[in-house]
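The lines below spell out each chain.
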Amino acid sequence: MPITLDAASPDFETRFNALLGAKREETPDVDDTVGAIIADVCARGDAAVIELTSKFDRLDLTPETLRFSSAELDALVAQVPDAERAALELAAARIGDYHARQMPADESWTEESGATLGWRWTPVSAAGLYVPGGLASYPSSVLMNAIPAKVAGVERLAITVPTPDGRANPAVLLAAKIAGVDEIYRIGGAQAIAALAYGTETIAPVDMITGPGNAFVAAAKRRVFGRVGIDMIAGPSEILVIADKGQNPDWIALDMLSQAEHDESAQAVLITDDAGLAADVATEIDLRLQTLDRRAIAGASWRDFGAIITVPDLDTAAALSNRIAPEHLELCVDDPDALSDKITHAGAIFLGAWTPEAIGDYVGGPNHVLPTARSARFSSGLSVMNFLKRTTLAKMTPQALRAIGPAAETLARAESLEAHGLSVRARLDHLNG
């Protein structure tokens, strides 16, 4: 049964800390297996990827068929219904507009000493996006990963998408086409991550890898980090709803189930200052679970990891929310803007009862690739910044070197780095000579 907590109870802190520390998924020990797969791909390239794809996806490929051809893509995307195509195009436009506003500005200024300082932003040259197959094959995630890369100016974007038994998701391929993806490969698993990171005869290596995946994909991303950049290691989805008296309990129930239906390990939590609303939401969740298509998954999530917390006031709710640091935070309260000012840790905030989290998953504009498992305490969701690098700039004039060079020489001597100091002194002596 879902956990029910009352902030006024003497044992609240103990039980709340247990909720924070609860492990929501069993992570199999796959690191050795993944290490062997990566080593195999590094050693044998295409041959290893093809062999592993045959083994795990029951799909026999050749170097020539690793990548979808233009004709194949055209035939598959033509299968997408017009309504879905229009929805994807609307979502892509909104995601693109939102992320364009995230682009940082280059800066440059000249100090009184004559030194010119600044920085400039440049994109990574190539990025790879991993797209899961099967039930977790979501075209919306393709847009959320690919569009920020393109907005950032990434020249080459490659996608790997497993196609077990040769079955592809036309909507995923259409999303990739809309987002401007350059290459789409029908491979998955740790072998796809290895191919993106190290390259093969057919697949050129990338600089940045993003996208969710199973335990093998997550372990592979951990292993290749440093060779390439990665976005994050994402866990099961989660939502926290803060609601006050008078809110619609059925809406809240549906919002919570919208994340519970993702995965049996997903988590939905309600914090409210109204015990009556808490009871009503629990009732509505039970009713909705009787008819929901994915009720087996959502029901297991709610049963094993759901929670309802009653608090004396919304200030307490905000304080608890910051300790949870949720991936998704809905503020279904009369004054969501005021309450949001008290939130310091959340992946994404949805303000007011008319802003369901599902809008953020598809067409809101902000990215839905967000930090999970309390990592919103120190990290952010995917953005153009994941695909950009900041390079600092410095230019000295003779006047500037006279002004600040002696201090650099002094510090170099203090650190016993003679050549450092001499590189400055040689120029100062030239100026003084």
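For the structure itself, look to the data block above.
So, a few notes on the structure that sits alongside this text. Predicted model only: the values in this text are computed from it and were never measured.

This part covers the pairing of strand β11 (residues 307-310). Covered by surrounding structure in β11 are Ala307 and Ile309 together with Ile308 and Thr310, the residues of both alternating faces. As defined by bridge partners, strand β1 (residues 3-6) adjoins β11 across 4 bridges and the pair is classed as parallel. Note on β11: the bridge partner recorded for Ile3 is Ala307. Alignment of strand β10 (residues 267-272) against β11, held across 4 bridges, turns out to be parallel. Looking at β11, one finds that Leu270 is bridged to Ile308.

All right, on to the sheet that holds strand β3 (residues 116-123) then. With antiparallel pairing, the 3 strands of this open sheet are ordered in space as β2-β3-β14. Each edge of the open sheet carries a strand with a single partner, namely β2 (107-110) and β14 (388-395). Sheet twist, expressed as the average angle between the axes of neighbouring strands with direction ignored, equals 15 degrees. Sheet analysis places β2 next to β3, joined by 4 bridges and oriented antiparallel. The residue bridging Glu107 from the neighbouring strand is Trp119, located in β3.

Moving on, we come to the pattern of salt bridges. Opposite charge on two side chains makes pairing possible when the charged atoms of those side chains draw close. By the definition in use, this model includes 17 salt bridges. Ionic pairing is found between Glu409 and Arg413, a salt bridge with its closest N-O pair at 2.8 Å. One end of the pair, Glu409, and the other, Arg413, are both in helix α16 (residues 398-414), 4 residues apart, so they sit about a helical turn from each other. The class of Glu409 is buried, set by a relative accessible area of 5%. The salt bridge involving Asp429 is made with Arg425; its shortest N-O contact spans 3.0 Å. Of this pair, Asp429 and Arg425 both sit in helix α17 (residues 418-432), separated by 4 residues, roughly a single helical turn. Using a relative accessible area of 41% as the deciding quantity, one classes Asp429 as partly exposed. The network of salt bridges with shared partners includes Glu409, Arg413, Arg425 and Asp429.

Attention now moves to the nonpolar core. Core analysis: the biggest nonpolar cluster contains 40 residues, and Val142, Leu143, Ile159, Ile184 and Phe387 have the highest contact counts within it. Per-element accounting of this core gives the leading share, 7 residues, to helix α6 (residues 139-152). Not counting chain neighbours up to four residues away, the residues in contact with Phe387 comprise Thr122, Pro123, Val124, Ala127, Asn145, Pro148, Ala149, Ala152, Val154, Met208, Thr210 and Leu382.

Most of strand β4 (residues 126-130) is tucked away: 5 of the 5 residues are buried. Pairing of β4 with strand β5 (residues 156-160) involves 5 bridges; the strand directions are parallel. Residue pairing across strands places Ala126 opposite Arg156, the latter belonging to β5. Relative to strand β7 (residues 208-210), β4 is paired through 3 bridges, and the arrangement is parallel.

Glancing now at helix α11 (residues 275-288). Helix length check: α11, at 14 residues, gives a terminal C-alpha distance of 20 Å against a target of 20 Å (1.5 Å per residue), a fit within 8%. Three or more residues of α11 are buried, namely Leu277, Ala278, Val281 and Ile285. Down the axis of α11, the smallest arc covering the buried residues is 105 degrees, so these residues share one side. Packed against the buried residues of α11 are β9 (238-243), α10 (249-260), β10, α12 (295-305) and β11.

What counts and what doesn't
- Residues numbered from 1 in each chain as written.
- Predicted model: local features only at pLDDT ≥ 70, side-chain atom pairs only at ≥ 80, totals over all residues.
- Heavy atoms only, no water.
- Buried < 20%, exposed > 50% of the residue type's maximum accessible area, 1.4 Å probe, protein only.
- Helix = DSSP H or I, 4+ residues; strand = E, 2+ residues; numbered from the N terminus.
- Pairing = 2+ DSSP bridges.
- Axes fitted to C-alpha atoms, helices over the stretch in contact; angles between N-to-C directions.
- Salt bridge = Lys/Arg side-chain N within 4 Å of Asp/Glu carboxyl O.
- Core = buried A, V, L, I, M, F, W, Y, C linked by side-chain atoms within 4.5 Å.
- Contact = heavy atoms within 4.5 Å.
- Expected span 1.5 Å × (residues − 1).
- Arc of directions from axis to C-beta.

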